[in-house]
Amino acid sequence: MGWKKKVLIGGGITALIILILGLSLGLTLGRRNIKSTFFSRCEKFKEHDCKKLWDLFEKAYVNKDPCNVPMEAYNPLLAEVPFKPQCNKMMFWSKTKDVVHGLTAKRKDCFVTLEDTLLGSVLDDLTWCGKEGSKDTFTAGCPEWSECVNNPVRSFWNRSSAAFADVACGDVTAMLSGSIDTPFNSTSNFASIEVPRFKASRVKKLNVVMVIQKNAISNCNHPSLKNLRQSLDTGITYSCKDVSESRIQECGSKPEIACGACW
Ligand code: JS2
């Protein structure tokens, strides 16, 4: 066999070994990363036992079919860190994640979202799942959001959205997008999980803020907002304001602007 052929085969085998090593390393690092990410984010909230929270979190999905993890699987975790009612400050959103968090990152004196709570901030933008017969947490090869309803990530956000909405009280704010053709979409988390849990016994008013960006195609007169008004519990007052993105950013950058004067 000529030396050229030997070099080629040798090169091929080396490449294959590097590929396999790379893959397994990636998987291992991925696994290690979510745990280290969980702890580094959790430790920002001083008064909590992050090891206990990690164990409760893992119990929700480890060694289970990743399409058979219902919302209730997270009940023990939510019970360990229940959301506190923050009347007149609770902010909900739909298709406005970045604008909303750009504001709440700077004005927690005015508004807090689910992603500003311990559980929401620890797990935001993370992916995780388990596999039957394995005690590991995987971050790759997990079902996509719409691949199956009872997947670990979707069930966590559905369960935590429900729990956050269950403690909503006073004047509640919701930021909806004027850049999409259906600002209040009945299939969204906000519409299907959170709004039905706003009870007039706790929630006095829902202030909708329609985020108006340059490419705006909708505003407070959009027909889908009629559906929102009709789906609100009787007794909850409703308001809607079209607010430019720049005004929202100004509220974020000027703490001297009173919460009620942001728009
Ligand atoms: C996957 C994630 C993540 O009111 C808001 C929040 O309380 C939120 O939890 O749910 C509402 C927004 O959901 P909705 O109305 O479906 O809007 P969207 O813009 O389509 O956001 C979908 C994702 C919401 C849940 N979620 N899902 N991965 O990292 C993640 N972070 C959040 N909040």
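Calculation notes
- Residues numbered from 1 in each chain as written.
- Predicted model: local features only at pLDDT ≥ 70, side-chain atom pairs only at ≥ 80, totals over all residues.
- Heavy atoms only, no water.
- Near = heavy atom within 4 Å.
- Polar contact = N/O pair within 3.5 Å; in protein donor to acceptor, adjacent residues only side chain to side chain.
- Areas by Shrake-Rupley, 256 points an atom, 1.4 Å probe, with all protein chains shown as cover.
- Nonpolar A, V, L, I, M, F, W, Y, C, P; charged D, E, K, R; others polar.
- Phe/Tyr/Trp six-rings, centres within 6.5 Å; stacked < 30°, edge-to-face > 60°.
- Helix = DSSP H or I, 4+ residues; strand = E, 2+ residues; numbered from the N terminus.
- Buried < 20%, exposed > 50% of the residue type's maximum accessible area, 1.4 Å probe, protein only.
- Lys NZ or Arg CZ within 6 Å of the ring centre and 35° of its normal.
- Arc of directions from axis to C-beta.
- Disulfide = S-S within 2.5 Å.
- Pairing = 2+ DSSP bridges.
- Axes fitted to C-alpha atoms, helices over the stretch in contact; angles between N-to-C directions.
- Contact = heavy atoms within 4.5 Å.
- Core = buried A, V, L, I, M, F, W, Y, C linked by side-chain atoms within 4.5 Å.
- Right-handed = clockwise from strand over helix to strand, strands pointing away.

Novice: How would you explain the site of the ligand if you had to name every residue and give the values?
Specialist: Near the ligand lie 16 residues; those nearest to it are Ser 94, Lys 95, Glu 115, Asp 125 and Glu 194. Taking Ser 94, its side chain carries an N or O atom lying 2.7 Å from an oxygen atom of the ligand. For the ligand, the protein covers 85% of the area, taking 620 Å² as the surface of the free molecule. The residue inventory of the shell around the ligand, partitioned by class, reads six nonpolar, four polar and six charged.

Novice: With reference to specific residues and values, describe the packing of aromatic side chains.
Specialist: Applying the stated criterion across every chain, the model contains 17 aromatic pairs. Centre to centre, the rings of Phe 57 and Tyr 74 are 6.5 Å apart; their planes meet at 35°, and the pair counts as tilted. Pair noted here: Phe 57 is in helix H2 (residues 50–59) and Tyr 74 is in the loop between H2 and helix H3 (75–80), with a separation of 17 residues, a long-range link. The class for Phe 57 is buried, based on a relative accessible area of 0%. Cation over ring: Lys 131 sits above Phe 138, and NZ or CZ is 3.8 Å from the ring centre.

Novice: Describe helix H9 (residues 245–253), naming the residues involved and giving the relevant values.
Specialist: Among the residues of H9, Ile 248, Cys 251 and Gly 252 are the ones counted as buried. Take H9 and look down its axis: the buried residues cluster within an arc of 100°, on one side only.

Novice: Just give me the short version of the state of the cysteines, but keep the residues and values in it.
Specialist: Counted according to the given criterion, the structure contains seven disulfides. In this model Cys 220 forms its disulfide with Cys 240; the gap between the sulfur atoms is 2.1 Å. Between Cys 220 and Cys 240, the S-S torsion sits near -80°, and that sign places the bridge as left-handed. Of this pair, Cys 220 sits in the loop between strand E3 (203–212) and helix H8 (224–231) while Cys 240 sits in strand E4 (residues 237–244), placing them 20 residues apart in sequence.

Novice: Account for the sheet that holds E4, naming residues and giving values.
Specialist: Strand order in this open sheet of four strands is E1-E2-E3-E4, and the pairing throughout is parallel. Every interior strand has two partners, whereas the edge strands, strand E1 (91–94) and E4, have only one. Going from strand to strand, the sheet's axes swing by 20° on average, the running direction of each strand aside. Pairing of E3 with E4, which is carried by eight bridges, proceeds in the parallel orientation. By the bridge assignment, Val 211 is partnered in E4 with Val 243. Those strands touched by helix H4 (residues 97–104) are E1, strand E2 (170–177) and E3, and its axis lies near 155° from that of E1. Sitting on the sheet, H8 is in contact with E2, E3 and E4, with an inclination near 150° to E4.

Novice: How would you summarise the nonpolar core if you had to cite specific residues and measurements?
Specialist: With 56 residues, the main nonpolar core has Tyr 74, Phe 92, Trp 128, Phe 198 and Leu 228 as its most contacted residues. In terms of residue count, the dominant contributor to this core is helix H6 (residues 152–166) (six residues). Every residue in contact with Phe 198, bar those within four places of it in the chain, is listed here: Phe 92, Ala 165, Ala 168, Val 172, Phe 190, Val 203, Leu 206, Leu 232, Asp 233 and Ile 236. Grouped together as the second largest cluster of nonpolar side chains are 14 residues, Cys 110, Met 175, Ile 248 and Ile 257 included.

Novice: Describe the pairing of E3, naming the residues involved and giving the relevant values.
Specialist: With seven of its 10 residues buried, E3 lies for the most part within the structure. Direction of pairing for E2 relative to E3: parallel, over a ladder of eight bridges. The residue bridging Val 172 from the neighbouring strand is Leu 206, located in E3. In this region the chain leaves E2, passes through helix H7 (residues 189–194) and returns to the parallel neighbour E3; the handedness of that crossover is right-handed. Of the crossover connections in this fold, the one passing from E3 over H8 to the parallel E4 is right-handed.

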